[in-house]
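Examination of the molecular architecture
Letter by letter, the chains look like this.
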Amino acid sequence: MFQKYKSAELVKPGGLDLKDRLVGVQRVTKVTKGGRAFGFSAIVVVGDEAGVVGQGLGKSKDVASAIAKAVEDAKKNLVRIPIIKGTLPHEQKGKYGGARVNIIPAAPGTGVIAGGAVRTVLEAVGVHDVLSKSQGSSNPHNVVKATFDALLQLRDANAIARDRGISLEKVFNA
């Protein structure tokens, strides 16, 4: 899932204090010749509130096992996100399907100004001050993935200096 992001650092779940947050549960229906078969799909975001976050999808005939499967899936997709003083290093746009998400760093004391699925992801990452705008589709699956798209494109000054092969001072004083 994260192959196209060169700055994405995959993290192993061992030793992390992960908290899972439920984004949404949908009841899905499959129509067969014997009638309707009901099932559930759950989207979960897990994070240690210190820069590590992952998202997962679980499907099952009952809600509890769908959530449990989603948590297991999310733990397999953990990535590290750069956070500087409780906010983001820079503004970033993300998109997935019809969903567009814009996340903007904010001054200390601002809080997490985000709605629905974006808020869940940003709180799980551990960002305390951020502004965001979600446009287009409000489908929670796509909004979560668009938020991850934006977060995975974030780079801190050290990563930029390393990529360009220059010193940290030159990044700021070019």
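Before any of the text, the structure's been laid out above.
The rules behind each value
- Numbers given for residues are sequential positions, taken from 1 along each chain in its written order.
- Where local features are concerned, this predicted model is filtered to residues with pLDDT of at least 70; where side-chain atom pairs are given and counted, the filter is 80 or more; whole-chain, interface and lining totals use all residues.
- As a rule here, side-chain values come from all non-hydrogen atoms in the structure, and water together with hydrogens is ignored.
- In what follows, salt bridge is the name for a side-chain nitrogen of Lys or Arg lying within 4 Å of a carboxyl oxygen of Asp or Glu.
- Runs of H or I in DSSP of at least four residues are treated as helices and runs of E of at least two as strands, each being numbered from the N terminus.
- Here the term buried applies to any residue with accessible area under 20% of the maximum for its type, exposed to any over 50%, and partly exposed to those in between, with areas from a 1.4 Å probe on protein chains only.
- For our purposes a nonpolar core is just a set of buried Ala, Val, Leu, Ile, Met, Phe, Trp, Tyr and Cys residues, chained together by side-chain atoms within 4.5 Å.
- By the convention used here, residues are in contact when the closest approach between their heavy atoms is within 4.5 Å.

Summed over all chains, the structure comprises four salt bridges. A salt bridge links Arg21 to Glu49; the nearest nitrogen and oxygen atoms lie 2.4 Å apart. In this pair, Arg21 sits in strand β2 (residues 19-32) while Glu49 sits in the loop between β3 (35-47) and β4 (52-60), placing the two residues 28 residues apart along the sequence. A salt bridge links Glu123 to Arg119; the nearest nitrogen and oxygen atoms lie 3.1 Å apart. Taken together, the positions of Glu123 and Arg119, both in helix α2 (residues 116-125) and four residues apart, correspond to about one turn of that helix. Its relative accessible area of 31% is what places Arg119 among the partly exposed residues. One network of salt bridges, with partners in common, ties together Arg21, Glu49, Arg119 and Glu123.

What follows concerns the nonpolar core. Soluble globular proteins tend to pack their nonpolar side chains together in the buried interior. Ranked by size, the top nonpolar core spans 26 residues in total, and within it Val53, Ile81, Ile103, Leu122 and Leu151 carry the most contacts. Those elements that place two or more of their residues in this core are β7 (99-105), α2 and α3 (140-152). A total of seven residues in this core trace back to one element, the largest contributor, which is α3. With residues near it in sequence (within four places) discarded, Ile81 still touches Gly51, Val53, Val125, Leu151, Leu152 and Leu154. Counting eleven residues, the second largest nonpolar core, distinct from the first, contains Val46, Ala66, Ala70 and Ala74.

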